[in-house]
Amino acid sequence: MAPETSTEALIFACNEQDLADGETLRLDADGGIAVYRVDGEFYATSDSCSHEKWSLGEEGELEGHEVLCTLHMARFDVRTGAPLCFPAVLALKKYRTVVTDGRVYIAPNED
């Protein structure tokens, strides 16, 4: 699949094979971005839990399409960024992912 945006405007996240299903990673770009792989699909949100600053890409636990913040047990849907339980009430920023030629990119200026 060719990217809809030129790769110059995108942030390189990883090679497809570098992130297995159920794994996450953290990028330093744009204030911190968490990247998730679920059922062969890639998703990306802001990295910090919206309840309290805690890295979801490094410290979160991915369970299907939900990421658990291990600090206070808030949950978010990685497809939308929506909070799924208290104590989180604010959504995470959602990023569009683009996979082309085996490389995963993040579109930084989109929701």
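Analysis parameters
Residues numbered from 1 in each chain as written. Predicted model: local features only at pLDDT ≥ 70, side-chain atom pairs only at ≥ 80, totals over all residues. Heavy atoms only, no water. Patch = residues over 30% accessible without salt bridge, like charges linked within 9 Å, V, L, I, M, F, W, Y side chains within 5 Å. Areas by Shrake-Rupley, 256 points an atom, 1.4 Å probe, with all protein chains shown as cover. Salt bridge = Lys/Arg side-chain N within 4 Å of Asp/Glu carboxyl O. Helix = DSSP H or I, 4+ residues; strand = E, 2+ residues; numbered from the N terminus. Pairing = 2+ DSSP bridges. Axes fitted to C-alpha atoms, helices over the stretch in contact; angles between N-to-C directions. Core = buried A, V, L, I, M, F, W, Y, C linked by side-chain atoms within 4.5 Å. Buried < 20%, exposed > 50% of the residue type's maximum accessible area, 1.4 Å probe, protein only. UniProt positions renumbered as here; feature names shortened; annotations may be inferred.

Before going further, it helps to spend a moment on a nonpolar patch on the surface. Among the surface-exposed residues, Phe86, Val89 and Leu90 lie close enough to one another that they form a single nonpolar patch of about 370 Å² accessible area. By the element assignment, Phe86 lies in the loop between strand 7 (75-77) and strand 8 (94-100).

Quick look at the sheet that holds strand 7 now. The antiparallel open sheet is built from three strands, whose spatial order is 5-6-7. Both edges of this open sheet fall to strand 5 (61-63) and strand 7, since each of them pairs with a single strand only. Strand-to-strand, the axes of this sheet are offset by a mean angle of 25°, without reference to chain direction. Judged from the three bridges that link them, strand 6 (residues 66-68) and strand 7 form a sheet pairing that is antiparallel. Counterpart to Glu66 in the pairing with strand 7 is Asp77.

Another aspect to go through is the nonpolar core. Judged by nonpolar contacts, the single largest core of 14 residues is most densely connected at Tyr36, Leu56, Val67, Phe76 and Val78. At three residues, strand 3 (residues 33-38) tops the list of elements feeding residues into this core. In this structure, Cys14, Leu25, Val35 and Ile106 belong to the second largest nonpolar core, which totals 12 residues.

With antiparallel pairing, six strands are arranged side by side in an open sheet as 1-9-8-4-3-2. Of all the strands in the sheet, just strand 1 (11-15) and strand 2 (24-27) have a single pairing partner and so form its edges. Neighbour to neighbour, the strand axes of the sheet diverge by 30° on average, direction disregarded. Pairing geometry for strand 8 and strand 9 (residues 103-107), over five bridges, is antiparallel. Bridge assignment links Thr97 to a residue of strand 9, and that residue is Ile106.

It is worth spelling out the UniProt feature "domain: Rieske" (unreviewed entry) in the chain at this point. Look at the UniProt record and you will see "domain: Rieske" (unreviewed entry) annotated at residues 11-106. Helix makes up 4% of residues 11-106 and strand 43%. Its end C-alpha atoms lie 5 Å apart.

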